[in-house]
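# Commentary on secondary and tertiary structure
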Amino acid sequence: MLRDQICSSSELTFLMEAHDGLSAAIAGRAGFKGLWASGLSIACSLGYRDASEASWSQIVDAVERIVESAKMPVLVDGDGGFGNFNNARLLARKLRQRGAAGVALEDSCFPKINSFIGDRHPLADIDEFSGRLRAVKDTVADDLILVARIEALIAGHDMDEAILRAHAYADAGADAILIHSRKTAADEIIAFMRAWQNRLPVVIVPTKYYRTPVSIYRKARISTVIWANHSLRAAMAAMRQVCGRILAEETTASIEPNIATLDEIFEMFNYNELACAELRYQSPNPRQ
């Protein structure tokens, strides 16, 4: 399904961020058909910074809960693979075992730092990163979609460098290219699309250039848009407000109309199924 969305579809695909089972379930209820397991959001939900502080095994465990809850394809933010080619292929193998549909690897050095923090973003050597991609492809073949994420524009390099890397990563077996930018307008993205000529499908993350109309992406023949961290940010803002009000008012009376009810929680996670299963499996059956 993810391959159809990213690689085969003529329609623009949208992936919604998820960082745990609850955010995955909510995105599914909203109507999204695919998810982005965000490294930033998962790290924050664990109380870590997006600076390789969460281990690959913690990321894999979180992905398992997202996959189980969502019942839809999940593309995983795999950072740079948490090391060299061997770490990257181990990560891919474990993600496949936990039910992920794809992994995005970025050409950063380990340990990485979030793309929007500071200006120190050293890039991996092209040949070395291409080796990581080949190792992943040899390990999981077509069982996982492999997205090569290019950080050249984030690191201040020119478009020629980004295109050079895109061609190398395509040759290494990537199924799609994610071109990243932290500009507040999508000019770099559109320039990349013109130069790239759609050799492979292109994925974007418009966190900073969010004012760009989606019609621009369709016209540029972009394959997939990732809304990369918005559930986490929405939850953070809502929890901050609720905690502040409860502390100040010393009651929940005024906030109850504006938060989810317990019945909504029970319905989302299908408590009725548990009650039915108890009747079937725990009630004594009369002997035949």
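Cut-off values and rules
- Residues numbered from 1 in each chain as written.
- Predicted model: local features only at pLDDT ≥ 70, side-chain atom pairs only at ≥ 80, totals over all residues.
- Heavy atoms only, no water.
- Salt bridge = Lys/Arg side-chain N within 4 Å of Asp/Glu carboxyl O.
- Helix = DSSP H or I, 4+ residues; strand = E, 2+ residues; numbered from the N terminus.
- Buried < 20%, exposed > 50% of the residue type's maximum accessible area, 1.4 Å probe, protein only.
- Arc of directions from axis to C-beta.
- Contact = heavy atoms within 4.5 Å.
- Core = buried A, V, L, I, M, F, W, Y, C linked by side-chain atoms within 4.5 Å.
- Expected span 1.5 Å × (residues − 1).
- Polar contact = N/O pair within 3.5 Å; in protein donor to acceptor, adjacent residues only side chain to side chain.
- Pairing = 2+ DSSP bridges.
- Axes fitted to C-alpha atoms, helices over the stretch in contact; angles between N-to-C directions.
- Phe/Tyr/Trp six-rings, centres within 6.5 Å; stacked < 30°, edge-to-face > 60°.
- Lys NZ or Arg CZ within 6 Å of the ring centre and 35° of its normal.
- 1 Å grid on protein atoms, 1.4 Å probe; cavity = no way out; pocket = protein on both sides within 12 Å on 5 of 7 lines; lining within 4 Å.
- Points joined across faces, edges and corners; volume = space filled by probe spheres on them.
- Nonpolar A, V, L, I, M, F, W, Y, C, P; charged D, E, K, R; others polar.

### Looking at the pattern of salt bridges
- Following the criterion strictly, the structure yields 22 salt bridges and no others.
- Among the ionic pairs, Asp142 bridges to Arg3, the shortest N-O distance being 3.9 Å. Highlighted residues: Asp142 in the loop between helix H6 (126-140) and strand S5 (145-150) and Arg3 in helix H1 (residues 2-8), separated in sequence by 139 residues.
- Accessibility expressed as a relative area gives 54% for Asp142, which makes it exposed.
- On the accessibility criterion, Arg3 (27% relative accessible area) is partly exposed.
- Arg149 is the salt-bridge partner of Glu151, the closest N and O atoms lying 2.9 Å from each other.
- Linked by salt bridges that have partners in common, Asp50, Asp77, Asp79, Glu106, Lys112, Arg149 and Glu151 make up one network.

### What to know about helix H8 (residues 187-196)
- Inspection of H8 places Glu188, Ile189, Phe192, Met193 and Trp196 among the buried residues, and these make up the whole buried set. An end-on view of H8 places all buried positions within 140° of arc, on one side of the element. More than 90 degrees from the buried face of H8, the exposed residues found are Asp187 and Arg194.
- Summarising the contacts, the buried residues of H8 are in contact with helix H7 (159-171), strand S6 (176-179) and strand S7 (202-204).
- After H8 finishes, the residue Gln197 shows a positive phi value of roughly 60°.

### Quick notes on the nonpolar core
- Counting residues in each nonpolar core, the largest one holds 64 residues, and the members touching the most others are Leu35 and Phe192.
- Tallying contributions element by element places helix H4 (residues 56-70) first for this core, with seven residues.
- With near-sequence residues (within four places) excluded, Leu35 lies in contact with Leu15, Met16, Ala18, Ala24, Ala27, Ile66, Ala70, Met72, Pro73, Val74 and Leu75.
- Membership of the second largest hydrophobic core comes to 15 residues, among which are Ile145, Ala176, Leu178 and Val205.

### Comments concerning H6
- Here H6 is 15 residues long and its end C-alpha atoms lie 21 Å apart, about the 21 Å a rise of 1.5 Å per residue gives.
- The backbone nitrogen of Asp127 has a side-chain oxygen 3.0 Å away, supplied by the residue at the start of H6, namely Asp125.
- Downstream of H6 by one or two residues, Ala141 has phi in the positive range, about 50°.

### Structural notes on the sheet that holds S5
- If you trace the eight strands once around the closed barrel, you get S1-S2-S3-S4-S5-S6-S7-S8, paired in parallel fashion. For this sheet, the mean angle separating the axes of adjacent strands, direction not counted, is 30°.
- Summarising the sheet, strand S2 (residues 35-37) and strand S3 (residues 74-77) pair through three bridges and their orientation is parallel. Opposite Leu35, over in S3, you have Val74 as the bridge partner.
- Sheet contacts for H6: strand S4 (102-106) and S5; angle to S4, the most-contacted strand, approximately 165°.

### A closer look at the side chain of Arg149
- Along the chain, Arg149 falls in strand S5.
- Separated by 3.0 Å, the side chains of Arg149 and Ser115 make a polar contact.
- Side chain to side chain, Arg149 and Glu151 meet in a polar contact 2.9 Å long.
- Once residues lying within four places of it in the same chain are set aside, the contact partners of Arg149 are Trp36, Asp77, Leu105, Glu106, Asp107, Ser115, Leu178 and His180.

### Observations regarding the packing of aromatic side chains
- Under the defined criterion, the tally for this structure stands at five aromatic pairs.
- Residues Phe129 and Tyr169 carry aromatic rings whose centres are separated by 4.8 Å and whose planes lie at 65° to one another, so their mutual orientation is edge-to-face. Placement of Phe129 in helix H6 and of Tyr169 in helix H7 is noted, with a sequence separation of 40 residues between them. Taken as a pair, Phe129 and Tyr169 share a single burial class, namely buried.
- On the basis of an interplanar angle of 80° and a centroid distance of 6.4 Å, the ring pair of Tyr209 and Tyr217 is categorised as edge-to-face.
- One cation-aromatic arrangement involves Lys208 over Phe116; the distance from NZ or CZ to the ring centre is 5.1 Å.

### Some details on empty space enclosed by the protein
- One pass over the structure, following the stated rule, counts three cavities of 30 Å³ or more.
- In this structure, the largest cavity spans a volume of roughly 170 Å³.
- Of the residues belonging to the lining of the largest cavity, the class tally is five nonpolar, seven polar and four charged.

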